[in-house]
Amino acid sequence: MIVKNILADKRGNVVTIEPTADLVAAAKLLAERHIGAIVILGADHRIVGILSERDIVRAVAEHGPTALNKPVGQVMTREVKTCSEDDTIEGWMGRMTTGKFRHMPVVEQGKLIGIVSIGDVVKNRVEEIEHESEALRDYIHQ
């Protein structure tokens, strides 16, 4: 399976925020949207970073509650690993596991078109197993 198949099942746009927004705004956005990461876009609409719940926790652990007033750009992960629609799930899962991150923006021709997560893989795999199980039940009952 390829990334394009995962994106086809997802609804909506990728949640983004500017690097000048503070961590409180980012944390509220994460909570409101029930997501674990936000892509940070620069003035040219290119990816300049990604902010995950883990980044926020690290900032608070290092700087205390005052970290929440810091701009996202000071706390975000700058080295963002991306994939394309044609990448295989196995390929980007391996990169996520090695890099110890759970979210990966999908980019085509320099443009952000989606984001995939480990949760997407789990959901996809559970659906595959359910379909296989249903097919086996149908086969047995014939």
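Describing the overall build of the protein
What the protein contains, in helices and strands, is six helices and five strands. For the protein, the succession of helices and strands along the chain, N to C, is α-β-α-β-β-α-α-α-β-β-α. C-alpha extents for the protein along the principal axes are approximately 65 × 35 × 30 Å. Buried positions account for 34% of the 142 residues belonging to the protein. A separation threshold of at least 6 residues defines the contact pool for the protein, and within that pool the share at least 24 residues apart is 54%.

Let's talk about helix α3 (residues 53-63)
Within the sequence span of α3, burial applies to D55, I56 and A59. In an axial view of α3, the angular spread of the buried residues amounts to 100°, which keeps them on one side of the axis. Away from the buried face of α3 by more than 90 degrees, exposed residues V57, R58 and A61 are located. Those residues of α3 that are buried lie in contact with α2 (23-33), β3 (47-52) and α4 (72-75). G64 sits one or two positions beyond α3 and adopts a positive phi of about 75°.

Concerning the layout of surface pockets
Any empty space left between atoms is shown by rolling a water-sized probe over those atoms. There is about 540 Å³ of room inside the largest pocket. In terms of lining, the largest pocket is formed by 26 residues, of which the most central are K10, N13, V14, V15 and I115. Residue assignment for the lining of the largest pocket shows that the elements contributing at least two residues are β2 (37-41) and β5 (111-117). Taken together, the residues of the lining of the largest pocket break down into ten nonpolar, nine polar and seven charged. When its volume is computed, the second largest pocket comes out at roughly 320 Å³. Sort the elements by how many residues they give to the lining of the second largest pocket and α3 lands first, with three residues. Among the residues making up the lining of the second largest pocket, the classes are represented as four nonpolar, four polar and seven charged.

Here is what the cut-offs are and how they apply
Residues numbered from 1 in each chain as written. Predicted model: local features only at pLDDT ≥ 70, side-chain atom pairs only at ≥ 80, totals over all residues. Heavy atoms only, no water. Helix = DSSP H or I, 4+ residues; strand = E, 2+ residues; numbered from the N terminus. Buried < 20%, exposed > 50% of the residue type's maximum accessible area, 1.4 Å probe, protein only. Contact = heavy atoms within 4.5 Å. Arc of directions from axis to C-beta. 1 Å grid on protein atoms, 1.4 Å probe; cavity = no way out; pocket = protein on both sides within 12 Å on 5 of 7 lines; lining within 4 Å. Points joined across faces, edges and corners; volume = space filled by probe spheres on them. Nonpolar A, V, L, I, M, F, W, Y, C, P; charged D, E, K, R; others polar.

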